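Here are the chains, one letter per residue:
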Amino acid sequence: MGFLDRLLGRSEPVRPDLDRLFALPSAAVTLRAAAGFAPTGLGSVCFASVEGGAFARLRQDVRELLDADTERGGVPVEFSRDAYGYTWLLSRHPADAPEDTVNDLHAVNTLLQDGGFGPQLLCSLMGFARVGDGRPLALVYLYKRGTFYPFAPIPGSGGDGPGAGKRDNALELEVRATVADDLRVEPDLSRWFPVWGAPGL
């Protein structure tokens, strides 16, 4: 960062640290003990698709890598596109194997980043549900910020478009405090974007 950038108060962009994803299993243990939320075994990665052969080949590489265990009973990954045109990759594992979910999330992010498509990566999430009533929760990783935040949609409140649906802000703040020692939580609440209808949530 140059002198002029410092003088004008410009900050250097945060370099993505994908290894922070490996803190999710520890956060899952904390969440279960302190708030009664357990992993669902679902995780997803959101990215902006790019037209062209290189991206198509990379997407196929992702599928082949993550589907390598299907012969041993693993579940194939699923690709879908949301209403905004973003692509989501959904990974499924047993609920008691959060490490496997995290390995998939890390692998997809790494393949896209190393393939030169890091700018297309938006976020990754791990799904949770409250033991007893199934209340949904996600811990969302912002690729470009290298930080996490909780997203707690209120079941039955909708959420099909901008401004639709409701989220439980009090629960999100409670979860932020709960996992603060495990994860680097995003300090700017305006970046806690709602991910309505995200696969894995």
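Note that this is a predicted model, so its numbers are computed, not measured.

1. Remarks on the nonpolar core
Counting 48 residues, the largest nonpolar core has Leu24, Leu31 and Val195 as its most contacted members. The residues contacting leucine 24, other than those within four sequence positions of it, are Val102, Leu105, Met126, Leu139, Phe148 and Leu183.

2. Quick word on the environment of leucine 121
When you line up the elements, leucine 121 lands in strand E4 (residues 121–130). Distance in space between the C-alpha atoms of leucine 121 and asparagine 109 is 7.3 Å, their sequence separation being 12 residues. Leucine 121 has contacts with Val45, Cys46, Phe47, Asn109, Leu112, Gln113, Tyr143 and Lys144, leaving out every residue within four places of it along the chain.

3. As for the pairing of strand E5 (residues 136–142)
Burial runs high along E5: 7 of the 7 residues are buried. Burial along E5 is two-sided: the residues Pro136, Ala138, Val140 and Leu142 and Leu137, Leu139 and Tyr141 are all buried. Judged from the 7 bridges that link them, E4 and E5 form a sheet pairing that is antiparallel. Among the inter-strand pairings, cysteine 123 is bridged to a residue of E5, identified as leucine 142. Here E4 folds back onto E5, and the loop between the two strands holds 5 residues, one of which, glycine 132, carries a positive phi near 110 degrees. Here 5 bridges tie E5 to strand E6 (residues 147–151), and the two strands are oriented antiparallel to one another. Within E6, the position partnered with leucine 139 by the bridge is proline 150. With antiparallel pairing between neighbouring strands as the criterion, E5 and E6 make up a hairpin whose turn holds 4 residues, including glycine 146 at a positive phi of roughly 70 degrees.

4. A word on helix H5 (residues 169–179)
Burial in H5 covers these residues: Leu171, Glu172, Val175, Thr178 and Val179. For H5, the arc enclosing every buried residue in end-on projection is 120 degrees, short of the 170-degree limit, so these residues lie on one face. When the buried face of H5 is taken as reference, the exposed residues oriented beyond 90 degrees from it are Ala170 and Ala177. Tucked inside the fold, the buried residues of H5 contact helix H2 (24–35), strand E1 (37–48), E5 and E6. Of the residues that open H5, the one with a side-chain oxygen 3.3 Å from the backbone nitrogen of alanine 170 is aspartate 168.

Analysis parameters
The residue count restarts for each chain, going from 1 along the sequence in the order it is written. Selection of residues for local features in this predicted model requires a pLDDT of at least 70, selection of side-chain atom pairs for listing and counting requires 80 or more, and totals for whole chains, interfaces and linings are taken over all residues. Think of the side-chain values as coming from all heavy atoms in the structure, minus any hydrogens and water. Put simply, a nonpolar core is a bunch of buried Ala, Val, Leu, Ile, Met, Phe, Trp, Tyr and Cys residues held in one set by side-chain atoms that sit within 4.5 Å of each other. Burial here depends on accessible area, computed with a 1.4 Å probe over protein chains only, as a share of the maximum for the residue type. Under 20% is buried, over 50% is exposed, and the range in between is partly exposed. Every residue pair with non-hydrogen atoms within 4.5 Å of one another is taken to be in contact. Secondary structure is summarised from DSSP: a helix means a run of H or I of at least four residues, a strand means a run of E of at least two, and numbering begins at the N terminus for each. At least two DSSP bridges between two strands are needed for those strands to be called paired. In this context, the arc is that of the directions from the helix axis out to the C-beta atoms. N or O atoms closer than or at 3.5 Å make up a polar contact, with two conditions inside protein: a donor-capable atom paired with an acceptor-capable one, and, for residues adjacent in sequence, both atoms drawn from side chains.

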